[in-house]
Every structure is written in C-alpha cells, then in structure tokens.
Amino acid sequence: MTTRSVIRSVGSYLPSNIVTNEELSKTVDTTDEWIQERTGIKQRHVAADGETTSDLAIAAGRQALERAGIKGEDIDLFVVATATPDHTFPATAAKVQAAFGRRGVPSFDVQAVCSGFVYGLSVVDNFIRCGQVKSALFIGAETFSRILDWEDRSTCVLFGDGAGAVTLTAEEGEGTIADRGVLSTHLHSDGSQHDLLYVDGGASSTQTTGHVRMEGREVFRHAVVNLADTVKEALAANDITIDDVDWLVPHQANKRILDSTAKKLRIPNDKVIVTVDRHANTSAASIPLALAAGVDDGRIKPGHMVLMEAMGGGFTWGSALARM
Ligand code: ACO
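The rules behind these values
- Residues numbered from 1 in each chain as written.
- Predicted model: local features only at pLDDT ≥ 70, side-chain atom pairs only at ≥ 80, totals over all residues.
- Heavy atoms only, no water.
- Core = buried A, V, L, I, M, F, W, Y, C linked by side-chain atoms within 4.5 Å.
- Buried < 20%, exposed > 50% of the residue type's maximum accessible area, 1.4 Å probe, protein only.
- Helix = DSSP H or I, 4+ residues; strand = E, 2+ residues; numbered from the N terminus.
- Domains from an automatic or database assignment.
- Contact = heavy atoms within 4.5 Å.
- Buried area = accessible area lost by both parts, 1.4 Å probe.
- Salt bridge = Lys/Arg side-chain N within 4 Å of Asp/Glu carboxyl O.
- Nonpolar A, V, L, I, M, F, W, Y, C, P; charged D, E, K, R; others polar.
- Pairing = 2+ DSSP bridges.
- Axes fitted to C-alpha atoms, helices over the stretch in contact; angles between N-to-C directions.

Draft legend 1. Representation of the nonpolar core. Formed by 35 residues in total, the largest nonpolar core has its most connected members in Phe 138, Leu 168, Val 249 and Met 308. The element contributing the most residues to this core is helix α5 (residues 116-129), with seven residues. In this structure, this core is formed jointly by two domains, domain 1 (2-173) and domain 2 (181-323), each of which donates at least three residues. In this view, Leu 168 contacts Ser 5, Val 6, Ile 7, Leu 121, Val 124, Ile 128, Lys 134, Ser 135, Ala 136, Phe 138 and Val 182; residues no more than four positions away in its chain are not counted.

See below:
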C-alpha cells in the first residue's frame, strides 16, 4: 500500500475585466495580428483596482472546497504558489487560511514563478505521502498585471491575472499507476539563467516591486527543450508512453511553445488542454486554470491520466503526473 495525494476537486477564478488585444493596441505599439501570430493570445483577464492575489486565490479556493464538499476548517495545509503576493510578508497563503476560518495548521507560499504549480504540487504531495497532513488546499494565483511594464510591448502583451485551486486528500493506493492521485513529480532549476527572465526589483535590492524583463527568444528556446525533457522523464519514471496519457495540461505561456512541445513529444493537439488564447500567461495559475477548464467542460474525467509540465523564471521547470 502507498499513500497517494488524490485531487478531489478543482476551482477557478478569473477577474471580470477582460482586455482584448484590440484594446491593448490602443495604448501599446502592437497589433492583434502580431500578438495572435506570435503567441496565440486573444485576450487576458486583469484584476480590478484593489483586487489582490489573495482575493483571486480565495475565490478559486472557495469553489474547489465547495465542489469537494470539504469545509475550510477541516483542511490541514494551505499552500499558495505565487510570484505576485499581496505583501512581501506574511504569505498570501496565511490570508487564504484566515478567510476559511482555520487556525493552527501550516500555511505558506511557494515561489517558482511559472513553475509554481508543479513545484507546489510536489511539496503538497510530499506532505501528504509522508503522513504529515491528510488534506490540503493548494492554489496557484497571480496578479501579474501589477508587475508588468505596460510600455514594454515585448512583455506586457503576454500575461494575465487569475487563480486555480485544487483540494487534495490522502488515500491508500496499491502503489501502481492504476492508483488515483499524484503518481510522480520531477523538479529542476538552473539559477545561472536567472537574468533571462526576471523582475528588476525586490525588497532587498531596490526596495521596489519592479517589472518583468525577459529575453523572449532565449526563453522560448530553453522552454521547448526543458519541457519535452521533463515530460519524457515523467513517462520513463512511470514506465509508460505518451499514448498512455489522456491529457497534457501544460503551463500556458505561448501557443507556439505548446505546439512545438506537443510536436516534439508526438502527442496529438486534441489531447492538449489550451487556455492561453483566453487567459494569456497567468504564471503559477495557468496549469490549475487549464485543469479546471478541462474538468468543467467534461473532457478530463475521473480516472484520466493527466500530465502537467511547466517552465519559468530561474530557470525552473518540472512535470507532475496524476490520475484524476
Ligand atoms: N507587438 C508588435 N511587435 C512586437 C511586439 C509586440 N507586442 N513585441 C516585440 N515586437 C517586435 C520586436 O520589437 C521585433 O521587432 P524588430 O524585428 O523590428 O526588432 C520583432 O517584433 C520580433 O521580436 P522578437 O522578440 O524576436 O519576436 P519573437 O518571434 O521571438 O516573439 C515572443 C516574441 C512572443 C516573446 C517569443 O519570443 C516568446 O514567446 N518567447 C517565450 C517567452 C514566454 O512565453 N515567456 C513567458 C514566461 S516564461 C514561460 O512561461 C515559459
């Protein structure tokens, strides 16, 4: 027998304010055609003034808890993956925990930028498999609009705001890939590449929040290689082929990255969940938002095998295989 972390439910929240490429092109030197051709993005959601990452996280978390039929006061662990916390400290997860009326159990944030969901899922899975907790609310939530330089057309067109949540509970499995739950996670990082994608501010360096800076072409090149490698590593570790995977749920950075990775892996496009056209890149929120989209529209069903992969600033990258 093996303890597994089973995803009980998913939840999502997107701010109501939608900004289309057309609207962006009125304030930034860009066009709908350029953005769609290079990225596949048509629109993004942008948080309202005063709407914070914790507001988004709480809304997504509430939906996930309701769908699982679990009360916030019964959750043993609260984790938020975010690179855009409400405050430098305390953790956004602490605010989420308070909103659900729970005291005493651990709450903390995980920061791995766009890989945050895969990193956080690995952490939560380890807490559950070690027996330290029996249930967790894990949320990827971002307000990237707050750290964009809205005059830099090479970055501001790429990102959006949102939150996606999962509830996880411990369940005994057989220790085979037929088990429900997280089957494996693989994490990587190469800090020598930190200046290819970063924020040019921070508490201890500039005492400002800063803005996203990126060498787009270099990031693209590394992303396709690293993402395909980490997917192959997940397949090998579980002794399966890509044909055994029902759904690839990638981090939604750019449609061209999704297509190139899918081609490299020889997975048909209709087995890849795509939301980047509607959400843009929501960093740590993008995988759970895509997962929720697939579950909500009935494509991802209980028992399906889902492979998640992400890459982000650091560089960080990784994959997670789970049976729903
Ligand atoms: N509108 C119009 N023109 C633009 C825009 C814009 N929004 N942005 C850049 N351009 C121009 C550039 O100025 C350049 O003009 P020039 O040829 O006159 O100098 C031209 O378009 C080409 O610029 P490139 O940066 O070379 O364009 P590229 O084809 O590489 O596409 C992009 C840029 C979309 C950023 C691409 O490199 C990319 O997707 N990289 C991956 C980055 C990414 O997704 N990062 C997200 C975070 S990391 C992650 O999640 C994996």
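From this point, the discussion proceeds with the structure in view.
Draft legend 2. Structural context of the domain arrangement of the protein. In terms of domains, the protein is made up of domain 1 (2-173) and domain 2 (181-323). The gap between the C-alpha centroids of domain 1 and domain 2 is 14 Å. With 53 residues of domain 1 in contact, the opposing surface of domain 2 contributes 49 residues. Here domain 1 and domain 2 share an interface that buries about 3,800 Å² over both sides, 65% of which is from carbon and sulfur atoms. Counting the contacts that link domain 1 with domain 2 gives three salt bridges. Between Arg 213 and Asp 149 there is a salt bridge, with its nearest N and O atoms 3.1 Å apart. Contributing elements (two or more residues each) for the side of domain 1 that touches domain 2: β1 (2-13), α2 (32-39), β3 (43-45), α5, β6 (135-143), α6 (153-156) and β7 (161-173). In terms of residue count, the dominant contributor to the side of domain 1 that touches domain 2 is β1 (eight residues). Here the residues of the side of domain 1 that touches domain 2 are counted per class, giving 24 nonpolar, 18 polar and eleven charged.

Draft legend 3. Just the sheet that holds strand β5 (residues 107-110), in detail. Pairing is mixed in the open sheet, where five strands are placed in the order β1-β7-β6-β4-β5. The open sheet has two edge strands, β1 and β5, and neither has a second partner. Averaged over all pairs of adjacent strands, the angle between strand axes in this sheet comes to 20°, irrespective of strand direction. As defined by bridge partners, β1 adjoins β7 across eleven bridges and the pair is classed as antiparallel. Residue pairing in the sheet places Gly 11 in a bridge with Ala 165 of β7. Strands in contact with helix α3 (residues 53-68) are β1, β6 and β7; relative to β1, the strand with the most contacts, it is inclined by about 120°. α5 contacts β1, β4 (78-81), β5, β6 and β7 of the sheet and is inclined by roughly 165° relative to β6.

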